[in-house]
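# Understanding the architecture of this molecule
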Amino acid sequence: MKNLPSAITLCEVGLRDGLQNEKTILSAEQKVELLRGLIAAGFKVIEVGSFMHPKAVPQMASTDEVYKAIGDVPGVELRALIPNLRGVRRAVECGCKKVKLNVSASRQHNLKNLNMTPEESVAGFAGCVQEAQANGIAISGSISMPFASPWEGRIPEADVDAIIEAYLKVGITEISLSDASGMAVPTHVYDLCAHVWEKYPQASWWLHFHNTRGLAMANILAAMEAGMTRFDSSFGGLGGCPFVPGAAGNISTEDVLNMCDESGIQTGVDIVKVMELSRTLREALDHDLDSYILRAGRAKDLIV
Ligand code: ZN
């Protein structure tokens, strides 16, 4: 294959995107142990949790405690998802140094729930950026459902551009395109990634794919072909939503690691260590996980 990168950066998001959908609530100690394991496996970027209201997302209520327990880890970025200014303040309190905001690309969804367009939501993040910068906290932004949403289907490219430009205007240049609804397809992923890569050279990009329709790996490869090198994944393929029939988690970390290892793409992450962590997780949550490699093992382990 042409145009594949020689190295990529993976952000492990299982502790946030994965655990937030689980019935079993892990203790802060259990999360810290998994976090130490992920750091030992070689991750340089990890999404540790979120600062949502603890009543809305009880699984993430211990995020502050986890940050206090782990402290600063040199060379490793430990980021948290935040909803608003209160999230930045909680980050300051517990020593979190990197936060991520989120907006939905669905105009209908945003207008119905928040009575504003996605660009207006992003313009409202200016206060978060100021507060973060004043406290030495790095800040990034995510666009949820930039490919397609259950309300309008395919999102027009101009709508995505308007949200990106709103982020750039408030001073956020690190942007994640997040296929939360699992509706993206490789051809569209390639086109949108190539478009934003070309049009906004000042921005740096993350891609976040859910495997709801089995296309997450193909979408990652399509994004790589368009120049992208930063991807979220979740150990054990953890995630999904118990209330949405058929909802799936993020693409499994070990599946991405296996594909990269066998294709000569460097990740800096040890797949064997991640598989051990996913097995620990499977025991703690007491259900099967959505990971091909965890089920079948690596092909190279079959050869005697
Ligand atoms: Zn997600």
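These numbers were taken from a predicted model, which means no experiment stands behind them. Within any chain, residue numbers begin from 1 and follow the written order of that chain's sequence. Confidence filtering applies because this is a predicted model: local features only for residues at pLDDT of at least 70, side-chain atom pairs given and counted only at 80 or more, and all residues used for totals across whole chains, interfaces and linings. Heavy atoms from the whole structure form the basis of all side-chain values; hydrogens and water molecules are not counted.

### Some details on the overall build of the chain
Inclusion rule: The helix count covers DSSP runs of H or I at least four residues long, the strand count covers runs of E at least two residues long, and both are numbered beginning at the N terminus. Computation of the radius of gyration draws on C-alpha atoms, with the globule rule given as 2.2 Å multiplied by the number of residues to the power 0.38. Here the term buried applies to any residue with accessible area under 20% of the maximum for its type, exposed to any over 50%, and partly exposed to those in between, with areas from a 1.4 Å probe on protein chains only. The contact criterion used is simple: two residues touch if any of their non-hydrogen atoms lie within 4.5 Å. Each accessible area is a Shrake-Rupley estimate made with a 1.4 Å probe; only the visible protein chains count as cover when residues are assessed.
Scanning the chain for helices and strands turns up 13 helices and 10 strands. Its C-alpha radius of gyration of 18 Å places the chain within 12% of the 19 Å reference for a compact globule of 304 residues. Of all 304 residues assigned to the chain, the portion counted as buried reaches 53%. Within the chain, contacts between residues at least 6 apart in sequence are counted, and of these 75% link residues at least 24 apart. Working note: accessible area of the chain is about 13400 Å², and carbon and sulfur atoms make up 52% of it.

### A word on the packing of helix α2 (residues 28-41) against helix α12 (residues 271-285)
What counts, and what does not: Convention adopted: a line fitted to C-alpha atoms gives each axis, helices being fitted over their contacting stretch, and angles between N-to-C directions are expressed from 0 to 180 degrees. In these notes the angle categories are as follows: under 35 degrees is roughly parallel, over 145 is roughly antiparallel, 65 to 115 is roughly perpendicular, and the rest is oblique. We call a crossing left-handed when the near helix sits turned anticlockwise from the far one by less than a right angle, and right-handed when that turn is clockwise. Under the grouping applied here, Gly and all other residues not named as nonpolar or charged are polar, the nonpolar ones being Ala, Val, Leu, Ile, Met, Phe, Trp, Tyr, Cys and Pro and the charged ones Asp, Glu, Lys and Arg.
In contact at an axis separation of 9 Å, α2 and α12 are set at 165° when each is read in the N-to-C sense. The angle between the axes of α2 and α12 places the two elements in the roughly antiparallel class. Of the two elements, α2 crosses α12, and the hand of that crossing is left-handed. Of α12, the residues touching α2 (which contributes Gln30, Leu34, Gly37, Leu38, Ala40 and Ala41) are Lys273, Val274, Leu277, Leu281 and Ala284. Residue composition of the contact of α2 with α12, by class: 8 nonpolar, 2 polar and 1 charged.

### Overview of the pairing of strand β1 (residues 9-12)
Note the cut-off: The criterion for strand pairing is that DSSP finds at least two bridges linking the strands in question.
Bridging between β1 and strand β10 (residues 230-233) involves 4 bridges; their strand directions are parallel. When the bridges of β10 are listed, cysteine 11 appears paired with aspartate 232. Summarising the sheet, β1 and strand β2 (residues 45-50) pair through 2 bridges and their orientation is parallel. Looking at β2, one finds that cysteine 11 is bridged to valine 45.

### A few points about the coordination of the zinc ion
Here is the rule: For Na, K and Ca the donor cutoff is 3.2 Å, while for all other metals N, O and S atoms count as donors only within 2.8 Å; water does not appear among the atoms, so some sites may look incomplete.
Taken together, Asp17 (OD), His208 (NE2) and His210 (NE2) make up the protein donors of the zinc ion, found 2.0 to 2.2 Å from the metal. Every donor residue of the zinc ion comes from the same chain, spaced as D-x190-H-x1-H. One end of the pair, aspartate 17, is in helix α1 (residues 14-18); the other, histidine 210, is in the loop between β9 (204-209) and α10 (216-225), with 193 residues separating them in the sequence. The exposure class of aspartate 17 is buried, given its relative accessible area of 6%.

### Focus on the packing of aromatic side chains
Our working rule: Any two of the Phe, Tyr and Trp rings considered here, Trp counted by its six-membered ring, make a pair once their centres fall within 6.5 Å; the pair's planes then place it as stacked at under 30 degrees, edge-to-face at over 60, or tilted in between. Comment: the charge-over-ring label is applied if NZ (Lys) or CZ (Arg) is within 6 Å of the ring centre and within 35 degrees of the ring normal.
The full count for this structure, using the stated rule, is 3 aromatic pairs. Seen in terms of ring centroids, phenylalanine 51 and tyrosine 67 are 6.0 Å apart; in terms of plane orientation they differ by 35°. Their pairing is tilted. Of this pair, phenylalanine 51 sits in the loop between β2 and α3 (63-70) while tyrosine 67 sits in helix α3, placing them 16 residues apart in sequence. The class for phenylalanine 51 is buried, based on a relative accessible area of 2%. Sitting above the plane of the tryptophan 206 ring, arginine 79 keeps its charged end 5.0 Å from the centroid. Over the ring of tyrosine 292 we find arginine 295; its NZ or CZ atom is 5.2 Å from the centre of that ring.

### Considerations on α10
Along an α-helix, residues three or four apart share an orientation, since each turn contains 3.6 residues. Of the positions making up α10, those classed as buried are Ala216, Asn219, Ile220, Ala222, Ala223 and Met224. For α10, the secondary structure elements touched by its buried residues are β8 (174-179), α9 (186-199), β9, β10 and α11 (253-263). One or two positions beyond α10, positive phi appears at glycine 227, with a value near 110°.

### Thoughts on helix α7 (residues 126-134)
The cut-off we apply is this: This arc is built from the directions going out from the helix axis to the C-beta atoms.
Residues of α7 that are buried: Cys128, Val129 and Ala132. Mapping the buried residues of α7 onto a view down its axis gives an arc of 100°, with all of them on the same face. Turned more than 90 degrees away from the buried face of α7, the exposed residues are Gln130 and Ala134. Against the buried residues of α7 lie α4 (85-94), β4 (98-104) and β5 (138-144). Positive backbone phi, at 70°, marks glycine 136, one or two positions downstream of α7.

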